[in-house]
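Here is how the chains run, residue by residue.
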Amino acid sequence: MRESGYTQGRDYGFEVRYAEGDYAHSPLLAEELIRLKPDILVSGTLSGVIEFKKLTNSIPIVSPALIDPVGFGWAASHARPGGNVTGVLAIVEDLPSKQLALAAEMVPGVNRIGLLVNPANALHAHLRPGLDVAAKKLGVELIAQEARSPNDLHVAFQRFARDKISIVFAFQDAMFLNERKRIALLAMSERLPTMFAYRESVEDGGVMSYGIDWRANWHRVAGFVDRILKGAKAGDLPIEFATKLELVINLTAVKILGLTIPPTLLASADEVIE
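Residues numbered from 1 in each chain as written. Predicted model: local features only at pLDDT ≥ 70, side-chain atom pairs only at ≥ 80, totals over all residues. Heavy atoms only, no water.

Re the environment of Asn 250
The topology assignment puts Asn 250 in strand β9 (residues 245–250). With 47 residues separating them in the primary sequence, Asn 250 and Glu 203 have C-alpha atoms 7.1 Å apart. If we skip the residues at most four places from it in the chain, Asn 250 touches Val 202, Gly 205, Gly 206, Val 207 and Ile 273. A distance of 2.9 Å separates the side chain of Asn 250 from the backbone oxygen of Val 202, its partner in a polar contact. (Helix = DSSP H or I, 4+ residues; strand = E, 2+ residues; numbered from the N terminus. Contact = heavy atoms within 4.5 Å. Polar contact = N/O pair within 3.5 Å; in protein donor to acceptor, adjacent residues only side chain to side chain.)

Here you go:
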């Protein structure tokens, strides 16, 4: 916003509500923000967009985390949304399948991959069928464990270890991101390699991540807000695709777990943390 010439407190103000990864809080927080009659609503999660859409078809909604807005009925098309939702897609075609393939590549000979899912996250149910197809093509079995709250994570990783999982793939999720340090410690305690969608999870002890550059998506959201404040309608602003994917590997975590990363995978990393 500063790059666009805005000064917080003079030109605009923020009212921030944070669910701390607990989706049960989303409806109440959305209602609270709607009552404030904002000019624009911004949500960093798919669940936030879902709750906002239940309450308004008129206030512009902008998000860096859109998933299948046409399929959800929020937009007529990416080029011409036509409604009150716009922003940047949080996923590119076949991204979960690629993440799964990278997880399998990291541990040669893998036959069982653990899938950490949050049943409260609508995204997970939406993406699961495609991931099952990808697993079948790779010849691996997906063993899912659910974690609806931080208190569920310990049991989930104990079950992964009991089921002799070779690597755990954590779906992108706000609660998992919020609890990334705990997840990294639990995985380490069970001697389990991990694959994430967020680089922050790798910076805090996870083994590998592959996903969109969230910082870039948020930066682009400011452009949408700027145009709407200047009079543009959300429905006239094309939904944009994420343009940058990054593969990050934590070499320290790799060494602690005694893994040997395939040289081709290591060479393809955008960043290696040591």
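Here the narrative resumes.
Thoughts on the sheet that holds strand β2 (residues 61–66)
Either a parallel or an antiparallel arrangement is found when strands of a sheet pair, and the pairing is made through backbone hydrogen bonds. Ordered in space as β1-β2-β3, the 3 strands form an open sheet in which the pairing is parallel. Two strands lie at the open edges of the sheet, namely β1 (41–42) and β3 (85–89), each paired on one side alone. Relative to the sheet, helix α2 (residues 46–55) contacts β1, β2 and β3, its axis offset from that of β2 by approximately 150 degrees. Together, β1, β2 and β3 form the strand contacts of helix α9 (residues 214–229), whose direction differs from that of β2 by roughly 165 degrees. (Pairing = 2+ DSSP bridges. Axes fitted to C-alpha atoms, helices over the stretch in contact; angles between N-to-C directions.)

Here we look at the packing of aromatic side chains
In the structure shown here, the tally under the stated rule is 6 aromatic pairs. Considering the side-chain rings of Tyr 12 and Phe 14, the 5.1 Å spacing of their centres and the 75 degrees angle between planes classify their relative orientation as edge-to-face. We classify Tyr 12 as buried; its relative accessible area is 17%. Centre to centre, the rings of Phe 157 and Phe 160 are 5.6 Å apart; their planes meet at 80 degrees, and the pair counts as edge-to-face. Linking Phe 157 with Phe 160, this pair stays in helix α5 (residues 153–162), spanning 3 residues, or about one helical turn. Assessed through its relative accessible area of 1%, Phe 157 is described here as buried. Each member of the aromatic cluster is reached from another via a ring pair, and the members are Tyr 6, Tyr 12 and Phe 14. One cation-aromatic arrangement involves Arg 227 over Phe 224; the distance from NZ or CZ to the ring centre is 4.7 Å. (Phe/Tyr/Trp six-rings, centres within 6.5 Å; stacked < 30°, edge-to-face > 60°. Buried < 20%, exposed > 50% of the residue type's maximum accessible area, 1.4 Å probe, protein only. Lys NZ or Arg CZ within 6 Å of the ring centre and 35° of its normal.)

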